[in-house]
Amino acid sequence: MASAQQAAEIKVTEIRKKQETDNLVRALLDMGEAMIGSGAEIYRAEDTLRRIAKAYGASDCEVFIITSSIVITLELPQEHPRTRTRRIRKPVENDFTKLEDLNELSREVCARPIPAQQLRERTSAIADTGAQRQGQFLGYILASAAFCLFFTGNLLDALAAGVVGAFLFWMQICVGPFCMNSVVLQFLCSFFSGIMICILHGVFPSLQMAKIMIGDIMLLIPGASFTNSIRDVLLGDTLSGIVRFVEALLLAAVLTVGFLAAILLFGRIF
């Protein structure tokens, strides 16, 4: 009777240990996905996951990350290695405030580990935190107007660029969730904002269409993606760097096609 009870307790302990290990692997995947989605470097995300795994007692942890996938192999003492893969489908936001919060959480759990389920909950809470819409809206307007002025536009051109910048913000927020990927969204934003600029120029001929377009194009240029791709290549993550570089070139090409199509279709009308 006692031996049967001991066997049952051992089985329950093994099940709990297995669940805790599974939660730890999922927590690592959550952390990696959140960091990559916030604009973290590949090497930083991999190093962070390895450090967290070591803090939780892992004897070995191998992490392989590219911009679209995470592979983790975790080995704890007296347990078989666990390997899991996660496909990353969310686009990169380059949210450095969120990234700093994730880094702070990783440093905290490395110093004082918390239950894996709690780590998942805190990571999810940070990942689901979005920037304030009012601040983003104001940023779109000010950035487009400022770039228009920087490239020798006048105050009226800057005002028109700010109006189109507000329209781009609306496109990103309202239309973005319905697009299949960032390439489709990039084309729609560039095409319809180009049409809007052509209409403004037709109604107000004194506006400089080229200056307004330059101000709004700066909102859509994938400069951060291009910079991250070069950084990844220089740090040895060649595959991730090439993927990001190709994505940046594709977005830049689609941006050009969108504005060019708007000019060809509507520029002559107005």
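Our structure's up above, just so we're on the same page.
Quick summary incoming for the structure in this document. (Residues numbered from 1 in each chain as written. Predicted model: local features only at pLDDT ≥ 70, side-chain atom pairs only at ≥ 80, totals over all residues. Heavy atoms only, no water.)

## Here we look at the packing of aromatic side chains
Right, on to step 1. Applying the stated criterion to the full structure yields seven aromatic pairs.
Right, on to step 2. On the numbers, 5.5 Å between centres and 70° between planes, the contact of Phe137 with Phe169 is edge-to-face. Here the residue Phe137 occupies a position in helix H5 (residues 133–150), and Phe169 occupies one in helix H6 (residues 155–175), the gap between them amounting to 32 residues.
Right, on to step 3. Aromatic pair Phe191 and Phe192: ring centres 5.3 Å apart, planes at 70°, arrangement edge-to-face.
Right, on to step 4. Taken together, the aromatic side chains of Phe137, Tyr140 and Phe169 make up a single cluster linked through ring pairs. (Phe/Tyr/Trp six-rings, centres within 6.5 Å; stacked < 30°, edge-to-face > 60°. Helix = DSSP H or I, 4+ residues; strand = E, 2+ residues; numbered from the N terminus.)

## Side note on the pattern of salt bridges
Right, on to step 1. This structure, assessed with the given rule, holds eleven salt bridges.
Right, on to step 2. Arg107 is the partner of Glu104 in a salt bridge, and the nearest nitrogen-oxygen pair spans 3.1 Å. Remark: Arg107 and Glu104 occur in helix H3 (residues 96–111); sequence separation between them is three residues, near one turn of the helix.
Right, on to step 3. A relative accessible area of 46% means that Arg107 is categorised as partly exposed. (Salt bridge = Lys/Arg side-chain N within 4 Å of Asp/Glu carboxyl O. Buried < 20%, exposed > 50% of the residue type's maximum accessible area, 1.4 Å probe, protein only.)

## Concerning the packing of helix H2 (residues 42–55) against H3
Right, on to step 1. Two numbers describe how H2 lies on H3: the axes approach to 9 Å, and their chain directions differ by 25°. Comparing their axes, H3 and H2 come out roughly parallel. Remark: the crossing between H2 and H3 carries left-handed chirality. Contacts from Arg44, Thr48, Arg51, Ile52 and Ala55 of H2 reach H3 at Asn103, Ser106, Val109 and Cys110. (Axes fitted to C-alpha atoms, helices over the stretch in contact; angles between N-to-C directions. Parallel < 35°, antiparallel > 145°, perpendicular 65-115°, else oblique. Left-handed = near helix turned anticlockwise from the far one by under 90°. Contact = heavy atoms within 4.5 Å.)

## Looking at unusual backbone geometry
Right, on to step 1. Of note in the backbone geometry, Thr152 takes a positive phi value of approximately 65° without being a glycine.
Right, on to step 2. Inspection of the secondary structure assignment puts Thr152 in the loop between H5 and H6.

## Examining the layout of surface pockets
Right, on to step 1. Each pocket or cavity is described by its volume, and for the second largest pocket that value is around 180 Å³.
Right, on to step 2. Lining of the second largest pocket is provided by 13 residues; of these, Ile217, Ile221, Ala252, Leu255 and Thr256 occupy positions nearest its centre.
Right, on to step 3. Among the elements that take part in the lining of the second largest pocket, helix H10 (residues 238–267) stands out by supplying eight residues, more than any other.
Right, on to step 4. Among the residues forming the lining of the second largest pocket, the class breakdown is eleven nonpolar, two polar and no charged. (1 Å grid on protein atoms, 1.4 Å probe; cavity = no way out; pocket = protein on both sides within 12 Å on 5 of 7 lines; lining within 4 Å. Points joined across faces, edges and corners; volume = space filled by probe spheres on them. Nonpolar A, V, L, I, M, F, W, Y, C, P; charged D, E, K, R; others polar.)

## Some words on the nonpolar core
Right, on to step 1. Of all hydrophobic cores here, the largest spans 33 residues; its most connected members are Leu28, Met31, Ile65, Ile72, Leu74 and Leu119.
Right, on to step 2. At the level of secondary structure, the elements contributing two or more residues to this core comprise helix H1 (2–37), H2, strand E1 (60–66), strand E2 (69–75), H3 and helix H4 (116–127).
Right, on to step 3. Per-element tally for this core: the top contributor is H1, with nine residues.
Right, on to step 4. Residues contacting Ile72, with those up to four places away along its chain left out, are Leu28, Leu29, Leu49, Cys61, Glu62, Val63, Arg82, Thr83 and Arg84.
Right, on to step 5. Membership of the second largest hydrophobic core comes to 19 residues, among which are Cys148, Ala160, Leu168 and Val175. (Core = buried A, V, L, I, M, F, W, Y, C linked by side-chain atoms within 4.5 Å.)

## Describing a nonpolar patch on the surface
Right, on to step 1. A cluster of nonpolar side chains, Phe226, Ile230, Leu234, Ile242, Phe245, Val246 and Leu249, forms an exposed patch at the surface whose accessible area comes to about 640 Å².
Right, on to step 2. Residue assignment for the nonpolar patch shows that the elements contributing at least two residues are helix H9 (223–234) and H10.
Right, on to step 3. Here the nonpolar patch gets four residues from one element, more than from any other, and that element is H10.
Right, on to step 4. Here Phe245 shows up in helix H10.
Right, on to step 5. A residue is classified by how much of its surface remains accessible, and Phe245, at 30% relative accessible area, is partly exposed. (Patch = residues over 30% accessible without salt bridge, like charges linked within 9 Å, V, L, I, M, F, W, Y side chains within 5 Å. Areas by Shrake-Rupley, 256 points an atom, 1.4 Å probe, with all protein chains shown as cover.)

## Looking at H6
Right, on to step 1. Taking 1.5 Å per residue as the helical rise, H6 with its 21 residues ought to reach 30 Å, and the 29 Å between its terminal C-alpha atoms agrees with that figure.
Right, on to step 2. Of all the residues in H6, the buried ones are Asp157, Ala158, Ala160, Ala161, Gly162, Val164, Gly165, Ala166, Leu168, Phe169, Met171 and Val175.
Right, on to step 3. Looking at the buried residues of H6, the elements they touch are H5, helix H7 (182–203) and helix H8 (209–220).
Right, on to step 4. Of the residues that open H6, the one with a side-chain oxygen 3.1 Å from the backbone nitrogen of Leu156 is Asn154. (Expected span 1.5 Å × (residues − 1). Polar contact = N/O pair within 3.5 Å; in protein donor to acceptor, adjacent residues only side chain to side chain.)

## Some thoughts on H4
Right, on to step 1. For H4, which comprises twelve residues, the first-to-last C-alpha distance of 16 Å matches the rise-based estimate of 16 Å (1.5 Å per residue) to within 8%.
Right, on to step 2. Inspection of H4 places Ala116, Leu119, Thr123 and Ile126 among the buried residues, and these make up the whole buried set. Angularly, the buried residues of H4 cover 80° about the axis, an arc narrow enough to put them on a single face. (Arc of directions from axis to C-beta.)

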